[in-house]
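# Analysis of the macromolecular model
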Amino acid sequence: MLRDARDPLTEAEQVRIDAVLTGAADADARLIGVYGQGSRFTGLATGSDLDLVLVWDATPPARPLLADATRHVVDPEHHLEVRRDGADGIDVDLVHTTLGRLEKTADRVESGEGWNTSEWPDPLYTVAGLAQSTLLHDPSGTVAELRRRVRVPTAGFRGAVDTAFRNAAPAFLAELENADRNGNHWLSHKLQTDLMRLAYVQLFARSGHYAPFPKHLPAWFRRLEIDRDVRDAERAVWDSGERLTAMTRLVELLSTP
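Residues numbered from 1 in each chain as written. Predicted model: local features only at pLDDT ≥ 70, side-chain atom pairs only at ≥ 80, totals over all residues. Heavy atoms only, no water.

Time to look at the packing of helix H8 (residues 185-206) against helix H10 (residues 228-239). Their axes nearest at 12 Å, the elements H8 and H10 cross at an angle of 165°. Judged on the interaxial angle alone, H10 and H8 are roughly antiparallel. In the packing of H8 onto H10, the handedness of the crossing is left-handed. Across from Met196, Tyr200 and Leu203 in H8, the residues of H10 making contact are Val230, Glu234, Val237 and Trp238. (Axes fitted to C-alpha atoms, helices over the stretch in contact; angles between N-to-C directions. Helix = DSSP H or I, 4+ residues; strand = E, 2+ residues; numbered from the N terminus. Parallel < 35°, antiparallel > 145°, perpendicular 65-115°, else oblique. Left-handed = near helix turned anticlockwise from the far one by under 90°. Contact = heavy atoms within 4.5 Å.)

Shown next as structure tokens:
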């Protein structure tokens, strides 16, 4: 494991990751690199599961690396191993991908596509996770180079998000007002969810970041130094009794040049 990755990890976590790396070295496929993402590796939470992404040269190995995996999914688009309730108390998620697939995902998002879809793995969160990741194994420097590439959103991505937001947000607000007026609460909830996802993607893009997975947002706002007025407007959406008014204010702030 790369030395820098060891500092924030417990000894038991290091042992578990070393076991994964050993298993990967013995697999019938060529490993390019491994990185950790999520709350444990960003330091936003302790006691979280170890979320590891294994990047392979071509096809990932068909057999699980975790002998005690409680779930193993393999199909053309998903290769996932999950370990829960182990004796050491460490939960592990392994996502297997290929370098080609990871590069293709980065290409899509950077070109302004794939960020507003319903897919798993979510392309936007995949790129954001890599951008904020901790490298655990990368002998050729290939994953580090890709991580450097996605650290800052491209102009194509920012432009696509900004255009989508400016075009869609006013219509969302009008539909929300109608839904609330007519007592269509389920519709109102869906509209709010869709609008706020778009708003968060715009919020982070304007601040020079790909939107992270939607957990620990206040901590992300502080770490990434999101504008104070925008942070206050976002909090008001959830704290205010006048949600539509607060959402309108947030949309206005995120629409200014």
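Quick look at the packing of helix H7 (residues 155-181) against helix H11 (residues 243-255) now. At their nearest, the axes of H7 and H11 sit 11 Å apart, and the two run at 170° to each other. As far as their axial angle goes, H11 and H7 are roughly antiparallel. When H7 is examined against H11, the residues Phe165, Arg166, Ala169, Leu173, Leu176 and Glu177 are found in contact with a partner set consisting of Leu244, Met247, Thr248, Val251, Leu254 and Ser255. Residues belonging to the contact of H7 with H11 are distributed by class as follows: 8 nonpolar, 2 polar and 2 charged. (Nonpolar A, V, L, I, M, F, W, Y, C, P; charged D, E, K, R; others polar.)

A few words on the nonpolar core. As a rule of thumb, nonpolar side chains are buried together in soluble globular proteins. Counting 58 residues, the largest nonpolar core has Phe157 and Phe204 as the members making the most contacts within it. Element by element, the count of residues in this core is highest for H8, at 10 residues. Not counting residues within four places of it along the chain, the set of residues in contact with Phe157 comprises Val109, Glu110, Gly112, Trp115, Leu124, Val201, Ala205 and Tyr210. Counting residues in hydrophobic clusters, the runner-up holds 19 residues, among them Val34, Leu50, Leu52 and Leu54. (Core = buried A, V, L, I, M, F, W, Y, C linked by side-chain atoms within 4.5 Å. Buried < 20%, exposed > 50% of the residue type's maximum accessible area, 1.4 Å probe, protein only.)

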